[in-house]
Amino acid sequence: MVTGSLKILVPLYLTYIVFLFSAFFIFIPQQKKQLMDHKKETIRQLTNIALSLLSELENKAVQGQISPEHARENAINQIRNMRYGAEGKDFFWINDMHPFMIMHPYRPDLVGTDLSSFKDPAGKRLFQEMVDLVEKQNAGFVDYLWQWKSDSRRIVPKISYVKGFKPWGWVIGTG
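Presented here is an overview of the structure given in this document. What you are looking at is a predicted structure, and each value in this text was computed from that prediction instead of being measured. (Residues numbered from 1 in each chain as written. Predicted model: local features only at pLDDT ≥ 70, side-chain atom pairs only at ≥ 80, totals over all residues. Heavy atoms only, no water.)

Describing the overall build of the protein chain
Across its full length, the protein chain holds three helices and five strands. Each helix and strand of the protein chain, ordered N terminal to C terminal, gives the series α-α-β-β-α-β-β-β. Relative to the 2.2 N^0.38 estimate, which gives 16 Å for 175 residues, the radius of gyration of the protein chain is 23 Å and therefore markedly larger than a compact globule would have. If you line up the protein chain on its principal axes, its C-alpha atoms span 90 × 30 × 30 Å. Of the contacts formed within the protein chain by residues at least 6 apart in sequence, a portion of 48% connects residues at least 24 apart. (Helix = DSSP H or I, 4+ residues; strand = E, 2+ residues; numbered from the N terminus. Rg over C-alpha atoms; globule rule 2.2 N^0.38 Å. Contact = heavy atoms within 4.5 Å.)

Points about the packing of aromatic side chains
Aromatic ring pairs are described here by two measures, namely the spacing of the ring centres and the angle between the planes. Across all of its chains, the model carries nine aromatic pairs by this definition. Considering the side-chain rings of Phe-91 and Tyr-106, the 5.0 Å spacing of their centres and the 90° angle between planes classify their relative orientation as edge-to-face. On the criterion of sequence distance, the pair formed by Phe-91 in the loop between helix 2 (68-80) and strand 1 (92-96) and Tyr-106 in the loop between strand 2 (101-103) and helix 3 (126-137) is long-range, its members being 15 residues apart. In this structure Phe-91 comes out as buried when scored by relative accessible area, which is 4%. In this structure an aromatic cluster arises from ring pairing among Phe-118, Phe-127, Tyr-144 and Trp-146. The lysine or arginine in question, Arg-83, covers the ring of Tyr-106, its NZ or CZ lying 5.2 Å from the ring centre. When the ring centre of Trp-148 is taken as reference, the NZ or CZ atom of Arg-154 above it lies at 4.6 Å. (Phe/Tyr/Trp six-rings, centres within 6.5 Å; stacked < 30°, edge-to-face > 60°. Buried < 20%, exposed > 50% of the residue type's maximum accessible area, 1.4 Å probe, protein only. Lys NZ or Arg CZ within 6 Å of the ring centre and 35° of its normal.)

A few points about empty space enclosed by the protein
Under the defined criterion, the tally for this structure stands at one cavity of 30 Å³ or more. Taken as a whole, the largest cavity spans an internal volume of roughly 30 Å³. Residue lining of the largest cavity: Phe-91, Trp-93, His-104, Phe-127, Tyr-144, Trp-146 and Lys-158, and that is the complete set. Taken together, the residues that form the lining of the largest cavity break down as five nonpolar, one polar and one charged. (1 Å grid on protein atoms, 1.4 Å probe; cavity = no way out; pocket = protein on both sides within 12 Å on 5 of 7 lines; lining within 4 Å. Points joined across faces, edges and corners; volume = space filled by probe spheres on them. Nonpolar A, V, L, I, M, F, W, Y, C, P; charged D, E, K, R; others polar.)

Digging into the pattern of salt bridges
Within this structure, the stated rule accounts for six salt bridges. Lys-124 serves as the salt-bridge partner of Asp-143, at 3.1 Å between the closest nitrogen and oxygen. Of this pair, Asp-143 sits in strand 3 (residues 139-148) while Lys-124 sits in the loop between strand 2 and helix 3, and the two are 19 residues apart along the sequence. With a relative accessible area of 24%, Lys-124 lands in the partly exposed category. What emerges from the salt-bridge pattern is a single network uniting Lys-124, Glu-129 and Asp-143. (Salt bridge = Lys/Arg side-chain N within 4 Å of Asp/Glu carboxyl O.)

In structure tokens:
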């Protein structure tokens, strides 16, 4: 009687264990990677849209329609107000190639600050890494720790896409 039950229960439990193993070690990681790849592509495209705004303003300045200072000012104001995401709290920031912070909507305390030795909570010199990446490849992804949107008390892992805008020596990014 016990052996008859075991003949039914053992394959049943083995099937269940194989299913759980597959779900946790194959399916879920694959779904997570696909979701992350999609998010990376989205922030890359959004950054390119913001850069097209910079290009348009740069062209107006080159053609003499507006001053270079007004073009930069206009770009900063427009990008500061650009938001996306489900809650409308995802944002862009701008720093230069030194790096000095030019604009950050949630951290105005950093504007005008030399960020070359600024470190995230794990000790990563993230803005210097972003500048180095732009110098080498003009664009790419950087991972680091940062505050959750506008909540400076909540620190989370983050991946951002940064891209250089050579005419003004700027780095624009979002994550």
